[in-house]
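# Inside the fold
Spelled out from the first residue to the last, the chains are:
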Amino acid sequence: MTASASTQGLEVRCGSRAWRAGVELLSSMRFAISLLTVICIASVIGTVLKQHEPAANYVNQFGPFWAELFLALKLNAVYSAWWFLLILAFLVTSTSLCIARNAPKFLADIRSYKENIREGSLKAFHHKAEGRLADAPAAAAQRIGQLLAGSGWKVRLHERDTPAGQGWMVAAKAGTANKVGYIAAHSAIVLICLGGLFDGDLFVRALTWFGGKSVYSGGGLVSEVRPEHRLPESNPAFRGNLVVAEGTASSTAILSQSDGVLLQELPFSVELKKFIVEYYSTGMPKLFASEIVIHDKATGEQRPARVEVNHPASHKGVQIYQSSFDDGGSRVRLAALPMNGSARPFEVEGTIGGSSQITNGSERLTLEYTGLRVINVENLAGGGRGVDVRKVDLGHALSERLGAADKTATRRALRNVGPSISYKLRDAAGQAREFHNYMLPVDTGDGAPVFLLGVRDTPAESFRYLRVPADDEGSMQGFVQLRAALADPAQRERAVRRYVAKAVDASRPALGEQLAQSATRALGLFAGAEAAGGASVGGLQAVSDFIESAVPEAERERAAEVLLRIVNGSLYELNVLAREASGRKPLPEGDEATTRFMTQAVLALSDVGLYPAPVAFELKDFTQVQASVFQVARAPGQNVVYLGCLLLILGVFAMLYIRERRVWVWLAPEHGGAGAGARATMALSSNRRTLDADREFEQLRHRLLDLS
């Protein structure tokens, strides 16, 4: 006896068969549910797959085939893809037609009491009862109506002629807001979709399609971009990024598109006075905020504001959100340290985001300053410490894994290791390698501080680090001087003579001559000056190749020990000569710190031949300039979405938790006349058959029919 929603669509009686079928499908609930499913799947894809990334990133991550497929389907910009907007438009149309088809029936059902129902129909209900009342029908109807009204029911009394006299129908209803919930929930879907269309790229696309605007895919300064790539201040909806360095102002936002960018002119400019950032112990930002001044273009008004995460500023309908932060053009001073032993040291100054030209006479490179990080927090727990694998401590193991959710079996010793510089060296062919060098030496746990010089060929790779030992003054000069001495044949010869003089008694010249020949050959192999049966690679690899090619297998282990001892001893003497040449005292022989330095120096000298650049740049000084990245948005659909969310909550609550019930009591006079009482027939209907409905019917039956 209550109206219910149908999954069928509107039935059009005119037009062709295909037209009628199309209208029926478009207005049907099953079509709307299908569209909602597709939108949910697309939203999952848009959440999992990073949006608006450069095409090269998708190629590196997924390969050329999948990257081309993603770009063709616009999966890199799901929420602004033409097919996503089209689905939203169809969903709005389909849901609106569903509302138009069912809302009039529901509203009519809400207003109706259905008091004309016949007695025979009441007897067909699941919840029904009959009884005899002492009161006349009119008096009984008044009493029952008052009881129901007092319990919150809406009641209507209807008098009806019967063969036995005047009968009365008591019709009551409660919970009709359930029907309003259906209308509210479906209206919410329409409002949310409309808000999404308004706040999406609909207006931006309209300007590119019909307003003569086009996407900009080039490079250069913002001020040099031509007007056809700039959107007007009157654009009703947009969302983009605004990058402002400290001490500067900007009034042009960048709107990322799948094939480039558009520039959005703002009705104001944002000046960044100060950027504030605080960090957790893990190195992650805890708070970043911007002290800004908003300059209105039309009135010249200046309004100071503070923008934090989740605390935006607003001006002329444009919201200014704190998105992230970046480098705003920090100035750095770098020292070039020779890695091949022949280059000359020099210093260069530049700005992050800029570049410098460097040359060694025959080769020309472009030095691109890409990043400055003032804070680098690393986990340096347990590096270099031994672990007793035989130790079993069940209590400690359990405590590491039980309790708080942030516990981990990995020990953490977080420490700020200081600033670092990132740069690229690009050759004349345009090929570039990226470098990442730390400013200060880092103790990785073995007691030997080292400078970490990172390099990688592509952004998809991780950095590979050359560990250069810090000398007694905490610099790389000791290693650089040792590297230059190793590349000098005269210095190697002098180091060998000093080593032989200490290792062999002067009374045994023949043994000394043999040791000198072996030391010269070993040090030459290590320096890369001699080939070991192949290309001259130098380092420990060259010594290993020589042993494998010249020494029988049974004697290789012993030969390796002897040659390594000779190399270590010769390198120590070479280091003494290098320090004396620079006017520095030799390192104390046999000292623990000296041993650690020389051990790491041997490893670094062995690997430095693989370093892909003639020089490494050390960060000597910097002046940090920070930039704030704001997200600016004009969102006319925001309030529409909020209203839709409110209606959705109310509608779902009404449909799930409000039961629509109707009760009828037909009072017919007994055959004995006006004073003979009334015969009552009662029925209850509910949109959901539950135990609560059974219990309520029993209570009403006893109250209304005076049954015990």
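Data block above holds the structure.
Here goes a summary of the coordinates provided. Everything numeric here is computed off the predicted structure, so don't read it as measured data. (Residues numbered from 1 in each chain as written. Predicted model: local features only at pLDDT ≥ 70, side-chain atom pairs only at ≥ 80, totals over all residues. Heavy atoms only, no water.)

### Description of the nonpolar core
The following threshold applies: Nine residue types can take part in a nonpolar core, namely buried Ala, Val, Leu, Ile, Met, Phe, Trp, Tyr and Cys, and a core is a set of them joined through side-chain atoms within 4.5 Å. Relative accessibility thresholds used throughout: buried, under 20% of the residue-type maximum; exposed, over 50%; partly exposed, between the two (1.4 Å probe, protein chains only). Here a helix means four or more residues in a row that DSSP labels H or I, a strand means two or more in a row labelled E, and each is numbered from the N terminus. We call two residues contacting when some pair of their heavy atoms lies within 4.5 Å.
Core analysis: the biggest nonpolar cluster contains 70 residues, and Leu 334, Leu 571, Tyr 611 and Phe 617 have the highest contact counts within it. Sort the elements by how many residues they give to this core and helix H15 (residues 556-581) lands first, with ten residues. In contact with Phe 617, other than residues within four places in its own chain, are Leu 334, Ala 335, Ala 336, Phe 346, Val 348, Ile 358, Leu 367, Ile 421, Tyr 423, Leu 425 and Asn 437. Counting 28 residues, the second largest nonpolar core, distinct from the first, contains Trp 83, Phe 84, Leu 88 and Val 190.

### Remarks on the sheet that holds strand E24 (residues 661-669)
The following threshold applies: At least two DSSP bridges between two strands are needed for those strands to be called paired. Axis definition: a line fitted to C-alpha atoms, over the contacting stretch in the case of helices. Angles run 0 to 180 degrees between N-to-C directions.
The strand order across the open sheet formed by five strands is E1-E25-E24-E3-E2, and the pairing between neighbours is antiparallel. The strands lining the two open edges of the sheet, one partner per strand, are strand E1 (127-133) and strand E2 (154-162). Looking at each pair of strands side by side, their axes are set apart by 15° on average, direction ignored. Of the pairings in the sheet, the one linking E24 to strand E25 (residues 678-686) comprises nine bridges and is antiparallel in character.

### Some points on the pairing of E24
The buried count for E24 comes to nine of nine residues, which makes it a mostly enclosed element. Here seven bridges tie strand E3 (residues 165-174) to E24, and the two strands are oriented antiparallel to one another. Across the sheet, residue Trp 168 finds its bridge partner in E24, namely Leu 667.

### A short note on the packing of helix H12 (residues 489-503) against helix H13 (residues 509-527)
Under the convention used in this document: Relative orientations are named as follows: roughly parallel for angles under 35 degrees, roughly antiparallel for angles over 145 degrees, roughly perpendicular for angles from 65 to 115 degrees, and oblique for any other angle. Take the far helix as the reference: if the near one is turned anticlockwise from it by less than a right angle, the crossing is left-handed, and if turned clockwise, right-handed. Under the scheme applied, nonpolar residues are Ala, Val, Leu, Ile, Met, Phe, Trp, Tyr, Cys and Pro; charged residues are Asp, Glu, Lys and Arg; polar residues are all the others, including Gly.
For the pair H12 and H13, interaxial distance at closest approach is 9 Å and the crossing angle is 140°. Compared by their axis directions, H12 and H13 come out oblique. In terms of crossing hand, the pair formed by H12 and H13 is right-handed. Between H12, through Arg 492, Val 496, Tyr 499, Val 500 and Ala 503, and H13, the contact on the second element is made entirely by Gly 512, Leu 515, Ala 516, Ala 519, Thr 520, Leu 523, Gly 524 and Ala 527. The residue inventory of the contact of H12 with H13, partitioned by class, reads nine nonpolar, three polar and one charged.

### Considering the environment of Met 598
Among the structural elements, Met 598 can be located in helix H16 (residues 592-607). We classify Met 598 as buried; its relative accessible area is 11%. Separated by 550 residues in sequence, Met 598 and Val 48 place their C-alpha atoms 49 Å apart. Once you skip the residues sitting within four places of it in the chain, Met 598 turns out to touch Leu 571, Tyr 572 and Asn 575.

Read these as layout, nothing more, since geometry by itself doesn't imply function.
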